[in-house]
Amino acid sequence: EVMLPEGAHNREQDWTFTCLNRDEAAAAEGRPFLYMLNVVNTRHDETVRRGAIVKAIAVCSTHQYIEMFRQPLERALDRYYATKD
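Residues numbered from 1 in each chain as written. Predicted model: local features only at pLDDT ≥ 70, side-chain atom pairs only at ≥ 80, totals over all residues. Heavy atoms only, no water.

Peer 1: I'd love a proper account of the environment of Arg70, names of residues and values included.
Peer 2: Its place among the elements puts Arg70 in helix α2 (residues 70-82). Between the C-alpha atoms of Arg70 and Val59, which are eleven residues apart in sequence, the distance is 9.2 Å. Arg70 has contacts with Trp15, Leu37 and Val39, leaving out every residue within four places of it along the chain. (Helix = DSSP H or I, 4+ residues; strand = E, 2+ residues; numbered from the N terminus. Contact = heavy atoms within 4.5 Å.)

Peer 1: Let's hear about the nonpolar core: which residues, and what values?
Peer 2: The biggest cluster of nonpolar side chains holds six residues, and these are Tyr35, Leu37, Val39, Ile66, Leu73 and Leu77. Looking at this core, the elements that each hand over two or more residues are β2 (34-44) and α2. A total of three residues in this core trace back to one element, the largest contributor, which is β2. In this view, Leu73 contacts Leu37, Val39, Ile57 and Val59; residues no more than four positions away in its chain are not counted. (Core = buried A, V, L, I, M, F, W, Y, C linked by side-chain atoms within 4.5 Å. Buried < 20%, exposed > 50% of the residue type's maximum accessible area, 1.4 Å probe, protein only.)

Peer 1: If you had to explain the sheet that holds strand β1 (residues 13-20) to someone new, which residues and values would you point to?
Peer 2: Overall, antiparallel pairing links the three strands, which are arranged β1-β2-β3 in an open sheet. Only two strands of the sheet have a single neighbouring strand rather than two, namely β1 and β3 (52-61). Looking at each pair of strands side by side, their axes are set apart by 15° on average, direction ignored. Across eight bridges, the pairing between β1 and β2 is antiparallel. Among the inter-strand pairings, Thr16 is bridged to a residue of β2, identified as Asn38. Against the sheet, α2 engages β1, β2 and β3, with an angle of about 35° to β2. (Pairing = 2+ DSSP bridges. Axes fitted to C-alpha atoms, helices over the stretch in contact; angles between N-to-C directions.)

Peer 1: Which residues make up α2, and what values go with them?
Peer 2: When the terminal C-alpha atoms of α2 are compared, their 19 Å separation across 13 residues agrees well with the 18 Å that a helix rising 1.5 Å per residue should span. Considered for burial, the residues of α2 that qualify are Leu73, Glu74, Leu77 and Tyr81. Seen along its axis, α2 keeps its buried residues to an arc of 105°; they face one direction. For α2, the exposed residues set more than 90 degrees away from the buried face come down to Gln71, Arg79 and Ala82. Against β1, β2 and β3 lie the buried residues of α2. Directly beyond the C-terminal end of α2, a positive phi value near 65° is found at Lys84. (Expected span 1.5 Å × (residues − 1). Arc of directions from axis to C-beta.)

Put into structure tokens, the structure is as follows:
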């Protein structure tokens, strides 16, 4: 549900930044806070069911400056669309 932002089908591209909160037990065990970046692409195509192909890719990291992964994720999605799978 978090992978596809509301209205993603209306935009060619969207991205979401999410922080995955840990409970107190996880914090007490020293498990790190997690940051997630999700990139979504929509390619409109009248020949497919529902008129579009929507694909998403995400990365989750303990690195708080996760924005730096956005362009590589966008390129990865472009390459994924190019495979026609």
